[in-house]
Number of protein chains: 2
Amino acid sequence: MQATVLYGPGDVRFEEVNDPKIVEPTDAVIRIPATCVCGSDLWPYRGLQPIKGPTPMGHEYCGIVEEVGSAVRSVKPGQFVIGSFATSDNTCPHCLYGYQSSCVSREFMTRAQAPFLRVPNADGTLVARPGVPSDDMVPSLLTTSDVLGTGWFAADAANVKPGSTVVVVGDGAVGLLAVLSASQMGAERIIAMSRHEPRQKLAREFGATDVVTERGDEGVARIKDMTKGIGADSVLECVGTQESMMQAIQATRPGGFVSYVGVPHEVTLEGTQLFFSHVHLHGGPAPVRRYLPDLMDRVLSGKINLGKVFDLVLPLNRVAEGYRAMDERRAIKALLRP
Amino acid sequence: MQATVLYGPGDVRFEEVNDPKIVEPTDAVIRIPATCVCGSDLWPYRGLQPIKGPTPMGHEYCGIVEEVGSAVRSVKPGQFVIGSFATSDNTCPHCLYGYQSSCVSREFMTRAQAPFLRVPNADGTLVARPGVPSDDMVPSLLTTSDVLGTGWFAADAANVKPGSTVVVVGDGAVGLLAVLSASQMGAERIIAMSRHEPRQKLAREFGATDVVTERGDEGVARIKDMTKGIGADSVLECVGTQESMMQAIQATRPGGFVSYVGVPHEVTLEGTQLFFSHVHLHGGPAPVRRYLPDLMDRVLSGKINLGKVFDLVLPLNRVAEGYRAMDERRAIKALLRP
């Protein structure tokens, strides 16, 4: 088959690779009706995260089970399934504690921008739902694999509750779906920090009540103004830079909650400053598997519709255009159809 | 009166100072039957935290109200009272949120190693209880002002629950009372990290089920061994150094909780490492005022007895000996009687 391989900064190729097959008896192979480009793919694409030689790309997926290994019990060929970007056995102590993205058997998926995909630990990783969803439902369902699951974790890790005042730092797809997640959790006020008009618009559609265009210290001052000098109850950091992290911490009220869900890039936190900020801090790779059944059901029941986050749809073989459009911020997120 | 003033590293003097008096109508002046030296006093005593000229010392206090300002309503002369090391109005949004140590009117107390003390914002800061406690009850009560309140916050901020597996990093007075706090909250297993035999013994008296003498990476490996490779649910960092912070984070299970309650000294946290540790992190100056009524009642009802944490009792005018003994780790905590 042909699939996506990153060769170096800006160099994405769609080229012949080996077909995936069952390697371990716990594997499944799925056929992918849609995959996509993640904001985190842009770090190596931009050369800001080194790669060791040609690297197969893609970690967001849903699909129809083609084949399963001899030990797989919970999914079978023909079923529609979704899994997280991080595989899990769903039985180890970390999984049982709700942190499947720290599973002792965790593997980070990396070959999903392809028509077929091998999924290790299929029983623990994949969640099946009856029937095969209609084609127009697929994009929304696909988001649960990472970008919605991550936005949901951002809201959950920042303790968003009914009535909360929430700030979302970052207007990428994760930030936008963090807005939607906070809205689903009953936040009263959701302030999206964004300076891009189409993203501001989508943020409002997803539930943002306010938009702040200022950044850094000015952004913090604006949030303080808007909250009578108190700061927000929950701030969801969906970028991963030093500036966005400090913006998040400083915009939070003492005793409030900061979550961070993007891999931090050259971020360091100074102990004394963190100490006197008095915030709760929690983040890491989102334990998407914990939320998957609920999120899939929310999408399937029509409770949430978030396909709009894909504002560019391409055939998979034009994947390089998807990277380019996202890199240049012309697209929020590119959907790829094999 | 005579009181305690730090002139420089190792130079504590007990010397004539002005008597405290009512300055603001919201002030109270109290007479102190006992005060003490705090582990945090050792930072400037050791020259590890700069001071600007002669500095009055002491922030842990209880006492009998001598005089109140015209605006004070909730306490009156003759009452026995305790306040936190951080004053609070107990009415601002941060106070109402439970973070009185970030009160908008916060002042850090610093003249309590003295026979008399001015307490600003007396209504919001001081908690009164009926009657005057017997002399032997005073040391236990005094701990609620900071060291017990801080240990309690360490356990609370690290989400200690009935059945939790808890690690306490640091065997100073705060660490020891964090052990006691975790025990009061129903922790099933409490591992004290200590290499000092008298402190190990007291930790066990306060509820520690295990003692680990290893530190750093070896300490972490030992905790992992003791928890079947999982890590602890809650780790209470009661030191404030880079080593102790990293030890705490690394000994915690993914999704577990780290609290830190000592002012960090030259601590920096690297974003990616924190991200993949998957821990919850919360700390800061303990909001002692939140816990004071409950903690005072626990002491007064005899539920907890922690006067033993004072293993050195001195007349106040020999305060310099108290600093010296604690600095040399000959004493856990020095009680001072004016």
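Values in this document were obtained by computation on a predicted structure and should not be read as measured data.

The next thing to look at is unusual backbone geometry. Even without being glycine, Lys228(A) reaches a positive phi, approximately 55 degrees. Within the secondary structure, Lys228(A) sits in the loop between helix H8 (216-226) and strand S13 (232-237). Here Lys228(A) falls in the exposed class, since 8 other C-beta atoms lie within 10 Å of it. With a phi close to 65 degrees, His278(B) is a non-glycine residue in the positive phi region. Its 23 C-beta neighbours within 10 Å are what place His278(B) among the buried residues.

The subject of this paragraph is helix H8 (residues 216-226) of chain B. Residue and element names in this part refer to chain B. Of the residues making up H8, those classed as buried are Gly219, Val220 and Ile223. The buried residues of H8 occupy one face: seen down the axis, they fall within an arc of 100 degrees. Residues of H8 that are exposed and angled more than 90 degrees away from the buried face: Asp217, Glu218 and Asp225. The inward-facing, buried residues of H8 abut strand S10 (165-169), strand S11 (189-193), strand S12 (210-212), strand S13 (232-237) and helix H9 (242-250). At the C-terminal side of H8, Lys228 shows a positive phi close to 55 degrees.

Opposite the 28 residues of chain B that make contact, chain A presents 28 residues. Within the residue set of the side of chain B that touches chain A, elements represented by two or more residues are helix H2 (93-96), strand S14 (252-260), strand S15 (268-270), helix H10 (271-277) and strand S16 (280-283) of chain B. Note: strand S16 (residues 280-283) of chain A against S16(B), three bridges, orientation antiparallel. Pairing of His282(A) across the sheet is with His280(B), part of S16(B).

All names here are of chain B. Tracing the backbone through its elements, the reader meets Ile32 in the loop between strand S3 (28-31) and strand S4 (35-36). Judged by the 23 C-beta atoms lying within 10 Å of it, Ile32 is buried. Along the sequence, Ile32 and Leu141 sit 109 residues apart, while their C-alpha atoms lie 12 Å from each other. Look past the residues within four positions of Ile32 in its chain and what remains in contact with it is Tyr61, Gly63, Ala112, Ala114, Pro115, Phe116, Leu117 and Pro338.

What follows deals with helix H12 (residues 319-327) of chain A. All names here are of chain A. Taken residue by residue, H12 has Val319, Gly322, Tyr323 and Met326 as its buried positions. End-on view of H12: buried residues confined to an arc of 100 degrees, all on one side of the axis. Against strand S1 (2-8), strand S2 (11-16), helix H1 (42-45), strand S17 (312-315) and strand S18 (334-337) lie the buried residues of H12. Where H12 ends, the next residue or the one after it, Arg329, has phi of about 60 degrees, a positive value.

What follows covers the sheet that holds strand S10 (residues 165-169) of chain A. Taken in spatial order, the twelve strands make up an open sheet running S12(A)-S11(A)-S10(A)-S13(A)-S14(A)-S16(A)-S16(B)-S14(B)-S13(B)-S10(B)-S11(B)-S12(B), and their pairing is mixed. The open sheet has two edge strands with one neighbour each: strand S12 (210-212) of chain A together with S12 of chain B. The sheet shows a mean angle of 20 degrees between the axes of neighbouring strands, taken without regard to direction. Bridging between S14(B) and S16(B) involves four bridges; their strand directions are parallel. Among the inter-strand pairings, Phe257(B) is bridged to a residue of S16(B), identified as His280(B).

Sheet strands pair by backbone hydrogen bonding; their relative direction is either parallel or antiparallel. All names here are of chain B. Spatially, the three strands line up as an open sheet ordered S4-S18-S17, and their pairing is mixed. One side of each edge strand has no neighbouring strand; the edge strands of this open sheet are S4 and strand S17 (312-315). Pairing geometry for S4 and strand S18 (residues 334-337), over two bridges, is antiparallel. Bridge pairing links Thr35 to Leu336 in S18.

In many analyses, interface size is given as the accessible surface area lost on bringing the parts together. Residue and element names in this part refer to chain A. When the domains of chain A are assigned, the result is domain 1 (2-146 + 287-337) and domain 2 (150-283). Here the C-alpha centroids of domain 1 and domain 2 sit 26 Å apart. Opposite the 17 residues of domain 1 that make contact, domain 2 presents 17 residues. At three residues, the largest contribution of residues to the side of domain 1 that touches domain 2 is made by helix H11 (residues 288-300). Of the residues in the side of domain 1 that touches domain 2, the class split is ten nonpolar, three polar and four charged.

Our focus in this paragraph is the environment of Leu141(A). Residue and element names in this part refer to chain A. You can see Leu141 is positioned in helix H4 (residues 138-143). Between the C-alpha atom of Leu141 and that of Ser84, which follows or precedes it by 57 residues, the distance is 12 Å. In contact with Leu141, other than residues within four places in its own chain, are Cys62, Ile82, Pro133, Met296 and Val299.

In screw terms, the move from chain B to chain A is a rotation of 180 degrees and a rise of 0.0 Å along the axis, fitting with an RMSD of 0.0 Å. Both copies are brought into coincidence by an operation consistent with a two-fold rotation axis.

Calculation notes
- Residues numbered from 1 in each chain as written.
- Chains lettered and ligands numbered in written order.
- Predicted model: local features only at pLDDT ≥ 70, side-chain atom pairs only at ≥ 80, totals over all residues.
- Helix = DSSP H or I, 4+ residues; strand = E, 2+ residues; numbered from the N terminus.
- Buried ≥ 20, exposed ≤ 12 C-beta atoms within 10 Å, placed from the backbone.
- Arc of directions from axis to C-beta.
- Contact = placed C-beta atoms within 7 Å.
- Pairing = 2+ DSSP bridges.
- Axes fitted to C-alpha atoms, helices over the stretch in contact; angles between N-to-C directions.
- Domains from an automatic or database assignment.
- Nonpolar A, V, L, I, M, F, W, Y, C, P; charged D, E, K, R; others polar.
- Least-squares fit on C-alpha atoms with pLDDT ≥ 70 in both.

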